[in-house]
Amino acid sequence: MGHGVLARIGMTGPAIHLSGGLEGAEATLINGFDITLPASRWSVLLGPSGVGKTSLLRLIANLPCAARFEGRIEAQDQAPLPPRVAMMAQDDQLLPWASAIENVVIATRLRGERPDPDRACALLVEVGLGAEMARKPAELSAGQRQRVALARTLYEDRPVVLLDEPFSALDVLTRHKMQDLAARLLKGRTVVLITHDPAEALRLADHAWIVERQGVTPCTLPATRPPRRIDAPETLTAQADLLGRMGLASPNKAA
Amino acid sequence: MPIALHRIWRGAASFLLALTIWQLVVTLSGVPRFILPGPWLVVQALGAHAALLWQNALWSAGNLALGLSLGIFLGIETALLLTLSRRARWLLRPMLVVAQAVPVFALAPVITLWLGYGMPSKIVTIALVTYFPIASALFDRLMALPTGLNDLSRLSGANRWRETLLLRLPYAVPGLISGLRLAVVYGPLAVLIGEWVGSSRGLGHLMLMANGRGQTALMFAALTLLAALSLVFWIVVEALARWAARRFYI
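Residues numbered from 1 in each chain as written. Chains lettered and ligands numbered in written order. Predicted model: local features only at pLDDT ≥ 70, side-chain atom pairs only at ≥ 80, totals over all residues.

Topic: the environment of A:Q78
Residue and element names in this part refer to chain A.
Turning to step 1, where the next piece is worked out: Residue placement: Q78 occurs in the loop between strand 4 (68-75) and strand 5 (85-89).
Turning to step 2, where the next piece is worked out: Take Q78: there are 7 C-beta atoms within 10 Å of it, and that puts it in the exposed class.
Turning to step 3, where the next piece is worked out: Separated by 67 residues in sequence, Q78 and M11 place their C-alpha atoms 18 Å apart. (Helix = DSSP H or I, 4+ residues; strand = E, 2+ residues; numbered from the N terminus. Buried ≥ 20, exposed ≤ 12 C-beta atoms within 10 Å, placed from the backbone.)

Regarding the sheet that holds strand 1 (residues 16-23) of chain A
Residues and elements named next belong to chain A.
Turning to step 1, where the next piece is worked out: As summarised here, the arrangement of the 3 strands in space is 2-1-4, forming an open sheet in which the pairing is antiparallel. With partners counted over all chains shown, the strands left at the sheet margins are strand 2 (28-37) and strand 4, one partner each. Strand-to-strand, the axes of this sheet are offset by a mean angle of 5°, without reference to chain direction.
Turning to step 2, where the next piece is worked out: Inspection of the sheet shows strand 1 paired to strand 2 by 7 bridges, in the antiparallel sense. Residue pairing in the sheet places G20 in a bridge with F33 of strand 2. (Pairing = 2+ DSSP bridges. Axes fitted to C-alpha atoms, helices over the stretch in contact; angles between N-to-C directions.)

Looking at helix 10 (residues 216-248) of chain B
Two residues of an α-helix separated by three or four positions point the same way, owing to the 3.6 residues in each turn.
Residues and elements named next belong to chain B.
Turning to step 1, where the next piece is worked out: Spanning 33 residues, helix 10 covers 47 Å between terminal C-alpha atoms, matching the ideal 48 Å at 1.5 Å per step.
Turning to step 2, where the next piece is worked out: Within helix 10 the residues assigned to the buried category are A217, L218, M219, F220, A221, A222, L225 and L226.
Turning to step 3, where the next piece is worked out: In this structure, the buried residues of helix 10 make contact with helix 2 (39-48), helix 3 (50-84), helix 8 (160-197) and helix 9 (203-212).
Turning to step 4, where the next piece is worked out: Taken from the residues just after helix 10, Y249 is the one with a positive phi, measuring 55°. (Expected span 1.5 Å × (residues − 1). Contact = placed C-beta atoms within 7 Å.)

A closer look at the environment of A:T224
All names here are of chain A.
Turning to step 1, where the next piece is worked out: Within the secondary structure, T224 sits in the loop between strand 9 (215-218) and helix 9 (233-245).
Turning to step 2, where the next piece is worked out: It is 18 Å that separates the C-alpha atoms of T224 and L186, two residues lying 38 residues apart in sequence.
Turning to step 3, where the next piece is worked out: The residues touching T224, leaving out its near neighbours within four places in the chain, are A232 and E234.

A word on the interface of chain B and chain A
Note on interface size: it is often stated as the accessible area lost on association of the parts.
Turning to step 1, where the next piece is worked out: In this assembly, 18 residues from chain B lie in contact with 18 residues from chain A.
Turning to step 2, where the next piece is worked out: At the level of elements, helix 7 (147-156), helix 8 and helix 10 of chain B are the ones that each hand at least two residues to the side of chain B that touches chain A.
Turning to step 3, where the next piece is worked out: The greatest single-element share of the side of chain B that touches chain A, amounting to 8 residues, is contributed by helix 7 of chain B.
Turning to step 4, where the next piece is worked out: By residue class, the composition of the side of chain B that touches chain A is 9 nonpolar, 4 polar and 5 charged. (Nonpolar A, V, L, I, M, F, W, Y, C, P; charged D, E, K, R; others polar.)

Laid out in structure tokens, this is it:
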């Protein structure tokens, strides 16, 4: 693999400041919050489904969003955020009629720029799809499709990467591998991951917050560096703690 | 048995059954042949008037092909124009909705009055009838890009042109196919209407003449050819649909 191709993996991203409140159609989704997602780190927003996590992510990317937001979202370096953002969602959002490699370069073509097939190939090899480049999404497994989506996100080469539960639909083993891969390849960028799974938050987060109606509150994470082992005692303790904070009564209390 | 062969066999069996029932009805009820000729008489008429039928069938088929092509072309152009231009959408869409409510068949006499008995009036009638289903089915799908692909387009910084070319059009292929399916059903109807309103050639004209002279078997022979013509167009569209499903996975 050419070294130049992947040299920009490890680029750094800006810190992102979020403050304000989110209103749904009928009720308040998230009350006032004021947080800073640190530069070049994995920030995880953890919360139950329907709380408005996706809306937050869409607001960062300046995409249309059903909820009403009042507040500020800005990069700490004051430069505009949306052009520096790449996004990866739970549904892989690949073009069904295009091959894996065509999917990786689609954003370039949409901008009217000339794609760089060598770099696209190198990224597909990097995510372990060297032999599947010409396949269409329907001929790939769910895990492989998410790898294509990851390669596409990396090809975009943006300093801020937004991940909207990208691993939720995968089986446990595939999810584990994808988390490792993403952690390695997105190192150095400002990554915002939203998830409803405390185990995933603990595995990947440099910093994590619980998102709920009352607001957004920081979590205490184990001192180890991500990607953390999910079976380490301190991870398991932290997971029980997080589940408790998200409203799951501990078995002892229940009994 | 290979699937293709099986389908042909199945179609033939079904067709034969229909012919048998038809012949039985004619034989058992004893209806006079100028009211309802049996299939065998129709086959004989097909043979006896082969040259006449063939000439008129070619004329109708040519009109249908040209009219359909024009309708498809204009339908695709309109759908694309409406997708690409907000202004065109604002201005033309209400007009299209209202125009679609006008039964084109009722316009056939006027079209004949304006364009005469020849080919142009037939082509315009067929094109008009096939234009609306194509334009509206394609346009609906062009405007129905899923959120994920919309996000992709926005985050990429695509302009409307490239978004339409690279995302909307491939996504809208099933819409075009639905439009084509409707068009090949309405097209032959438009051929008949056009020729019934005023024409000196074509299968519709021949049916009218044969009917007037009590040559019911010849009328049925012309009807059979028109049905065969529809079937050919239908088979082409179905083949296109299968190819598109394989190529576009949607």
